[in-house]
Amino acid sequence: MALVTGAGRGIGRAIALRLAEDGAAVAVNDIAAHHAAAVREAIASAGGRAVDVPGDISMIEGCQSVTRAAAAALGPVDILVNNAGIEHRARVRDHRAEDWERVLRVNLQGPFLMAQAAADMLAASGRGAIVNIASAAIMGFFGQPAYDASKGGLLTLTRSLATELGREGVRVNAVCPGFIETDMVQGDPEIRQLGERQVRIQPLRRMGLPHEVANAVAWLASDEASYVTGASLFVDGGWSRR
């Protein structure tokens, strides 16, 4: 069973649909219950098995309840995809402490707590896999210190979890998307403009699509990547290698 956080829209939705297409039963988490239900219905209409498990994964109680509900409905967690994330753009001098804390809770604390909640099930499965959705923003952007720091921390957390949980047969990897055509990009003119400038100078001169990130996640979660752990796979059109 695959549990995907933040799976109601965008990249998370594409990941949930792809894992279901590959035959996994999927627990669809999102803080917005109606978005989670819509993805569950899309999977079911395509002949897959899914359950929606809405909840806030930024706090320990939410992570534990989401994990328990998913396991009760579909069985133990074999694959955990930590996709839920938020962004806040502000310059350092204007960055409020509460916004910093909120971004770090969702983007970094949440993945840690989800891994903690699912660790026993992942280890017991004999083929457990965690895929964390980080970002090419680990290289640092102007005006988004909290987001960049949270994704950089998530990359280091990935390596730490891979080192510890690998002894129990659990693989932990990260996918680092570049600019992807999602609601976050389309709905924020500043981010959209930044993305359009960026793609003009990267090797593949276009934004990525959610299913292209989902393909990378599906591979890392599969037995085809059985000897891959602690890795960071950039899905960014060559941006990080320009």
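Each remark here, short or long, concerns the structure printed above.
Residue numbers here run from 1 along each chain, matching the order of that chain's written sequence. In keeping with the predicted nature of the model, local features appear solely for residues at pLDDT of at least 70, side-chain atom pairs appear and are counted solely at 80 or more, and the whole-chain, interface and lining totals rest on all residues. The side-chain numbers reported here are obtained from all heavy atoms of the structure, hydrogens and water having been left aside.

**Considering the overall build of the protein chain**
Threshold: Helix numbering and strand numbering both begin at the N terminus, where a helix is a DSSP run of H or I of at least 4 residues and a strand a DSSP run of E of at least 2. We compute the radius of gyration over the C-alpha atoms and compare it with the globule rule, which gives 2.2 Å times the number of residues raised to the power 0.38. Relative accessible area decides the class of each residue, using a 1.4 Å probe on protein chains only: under 20% of the type maximum gives buried, over 50% gives exposed, and in between gives partly exposed. What makes two residues a contact is simply this: any of their non-hydrogen atoms within 4.5 Å. Computed with a 1.4 Å probe, the accessible areas rest on the Shrake-Rupley method; for each residue, only the protein chains presented here act as cover. The charge count treats Lys and Arg as positive and Asp and Glu as negative. His and the chain ends do not count. Every charge is mapped onto a representative atom, which is NZ of Lys, CZ of Arg, CG of Asp or CD of Glu.
Of the regular secondary structure elements, the protein chain holds eight helices and seven strands. Scaling as 2.2 N^0.38, a compact globule of 242 residues should have a C-alpha radius of gyration of about 18 Å, and the protein chain matches this with 17 Å. Overall, the C-alpha framework of the protein chain stretches about 45 × 35 × 35 Å when taken along its three principal axes. Looking at the protein chain as a whole, 52% of its 242 residues are labelled buried. Residue pairs in contact within the protein chain that sit at least 24 positions apart in sequence constitute 72% of those at least 6 positions apart. In the structure as shown, the protein chain presents an accessible area of about 11100 Å², 52% of it carried by carbon and sulfur atoms. Here the protein chain holds 24 positive side-chain charges and 26 negative ones, and the gap between their average locations is 5 Å.

**Digging into the packing of helix α4 (residues 97–125) against helix α5 (residues 145–165)**
A packed helix pair is summarised by two numbers, namely the angle formed by the two axes and the spacing between the axes. Stated precisely, the cut-off is as follows: To define axes, lines are fitted to C-alpha atoms, for helices over the stretch in contact only, and angles between the resulting N-to-C directions are given on a 0 to 180 degree scale. In these notes the angle categories are as follows: under 35 degrees is roughly parallel, over 145 is roughly antiparallel, 65 to 115 is roughly perpendicular, and the rest is oblique. The sense of a crossing depends on the near helix, which, turned anticlockwise from the far helix by less than a right angle, makes the crossing left-handed and, turned clockwise, makes it right-handed.
In the contact formed by α4 and α5, the axes pass within 8 Å of each other and the chain directions differ by 15°. Taken together, the axes of α4 and α5 are roughly parallel relative to one another. When you trace α4 past α5, the crossing you get is right-handed. Residue-level contacts link Trp100, Val103, Leu104, Asn107, Leu108, Pro111, Phe112 and Ala115 of α4 to Pro145, Ala146, Tyr147, Ala149, Ser150, Lys151, Gly153, Leu154, Leu157 and Leu161 of α5.

**Things to note about the pattern of salt bridges**
Using the following cut-off: By convention in these notes, a salt bridge is any Lys or Arg side-chain nitrogen within 4 Å of a carboxyl oxygen on Asp or Glu.
This model, assessed by the stated rule, comprises seven salt bridges. The partner of Asp52 in a salt bridge is Arg40, and the shortest N-O contact between them spans 2.9 Å. Separated by twelve residues along the polypeptide, Asp52 in strand β3 (residues 50–52) and Arg40 in helix α2 (residues 33–45) bring together distant segments of the chain. Residue classification places Asp52 among the partly exposed residues on the basis of a relative accessible area of 23%. The network of salt bridges with common partners includes Arg96, Glu98, Asp99 and Arg102.

**Considering the environment of Val81**
Residue placement: Val81 occurs in strand β4 (residues 79–82). Taking C-alpha positions, Val81 is 8.7 Å from Pro111, a pair spaced 30 residues apart along the chain.

**Digging into the pairing of strand β6 (residues 171–177)**
Where we set the bar: Note on pairing: DSSP must find at least two bridges between two strands before they are called paired.
Most of β6 sits out of view: seven of its seven residues are buried. Neither face of β6 is open: one carries Arg171, Asn173, Val175 and Pro177, the other Val172, Ala174 and Cys176, and all of them are buried. Where strand β5 (residues 129–133) lies against β6, five bridges are found, and the strand directions are parallel. Residue pairing across strands places Val131 opposite Asn173, the latter belonging to β6. Strand direction decides the pairing type here: β6 and strand β7 (residues 232–235), joined by four bridges, are parallel. What sits directly across from Pro177, in β7, is Val235.

**Observations concerning the packing of helix α1 (residues 10–21) against helix α8 (residues 210–221)**
Remark: α1 packs on α8, axes separated minimally by 8 Å, with the N-to-C direction vectors making an angle of 50°. Taken together, the axis directions place α1 and α8 in an arrangement best described as oblique. Note that α1 runs across α8; the crossing there is right-handed. Seen from α1, the contacting residues are Gly10, Ile11, Ala14, Ile15, Arg18 and Leu19; seen from α8, they are Pro210, His211, Val213, Ala214, Asn215, Val217 and Ala218.

**Comments concerning the side chain of Thr5**
Relative to the helices and strands, Thr5 is located in the loop between β1 (2–4) and α1. For Thr5, a relative accessible area of 2% translates into the label buried. Once residues within four sequence positions are removed from consideration, Thr5 is found in contact with Asn29, Ile57, Val81, Asn82, Asn83, Ala84 and Met114.

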